[in-house]
Amino acid sequence: MEDSKNISMHFKMIRCLWGENARREIPQIPTIDNQIVYVWGRENEKYLKQFGYETRYVKDDSYSNTFNSQYYKKLIALDLSLQEFGEVLLLDWDCRILKPLDETFYRYLKEKP
């Protein structure tokens, strides 16, 4: 059986950042291996990189941050990450991994549509 570090290498952990509201939820060191953050706004990208996060710059964050646009941005991040990596797990910043991911977890995800 594979250990949790190897299991997490099967797929990327994806997060996204736009605006400044979520910054208070972001750990000042990456807490998840194999994580990529899709970023709107150069200031957000600079903010994350100072803590060692791997990022993918999407675009300037100049358009409205309405209630609906937050879900749209998550869908954009999901689409871009699936194109790049094939298998991903999209997490909000307030989601934490509380126990090691094992082969059962990975198999369960693979079975879902």
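(A) Layout of the nonpolar core. Ranked by size, the top nonpolar core spans 10 residues in total: L17, A22, I26, V37, V39, Y47, L48, F51, Y53 and W93. Those elements that provide at least two residues to this core are β2 (35–40) and α2 (42–49). If we ignore the near neighbours within four places in the chain, the residues touching I26 are L17, Y47, L48, Y53 and W93.

(B) Quick look at the side chain of K74. Assignment of secondary structure puts K74 in helix α3 (residues 67–85). Among the polar contacts listed, one links the side chain of K74 to the side chain of D92, at a separation of 2.9 Å. Non-local contacts of K74, meaning those with residues more than four positions away in its chain, are made with C16, W18, L90 and D92.

(C) Spotlight on the pattern of salt bridges. In the structure shown here, the tally under the stated rule is seven salt bridges. Close ionic contact of E45 with R42 constitutes a salt bridge, the shortest N to O distance being 2.9 Å. Of this pair, E45 and R42 both sit in helix α2, three residues apart, which is roughly one turn of that helix. R42 gets classed as exposed once you look at its relative accessible area, which sits at 51%. Among the ionic pairs, K110 bridges to E87, the shortest N-O distance being 2.7 Å. Of this pair, K110 sits in helix α4 (residues 103–111) while E87 sits in the loop between α3 and β4 (88–90), and the two are 23 residues apart along the sequence. One salt-bridge network, held together by shared partners, links R42, E45 and K49.

How each quantity is defined
- Residues numbered from 1 in each chain as written.
- Predicted model: local features only at pLDDT ≥ 70, side-chain atom pairs only at ≥ 80, totals over all residues.
- Heavy atoms only, no water.
- Core = buried A, V, L, I, M, F, W, Y, C linked by side-chain atoms within 4.5 Å.
- Buried < 20%, exposed > 50% of the residue type's maximum accessible area, 1.4 Å probe, protein only.
- Helix = DSSP H or I, 4+ residues; strand = E, 2+ residues; numbered from the N terminus.
- Contact = heavy atoms within 4.5 Å.
- Polar contact = N/O pair within 3.5 Å; in protein donor to acceptor, adjacent residues only side chain to side chain.
- Salt bridge = Lys/Arg side-chain N within 4 Å of Asp/Glu carboxyl O.

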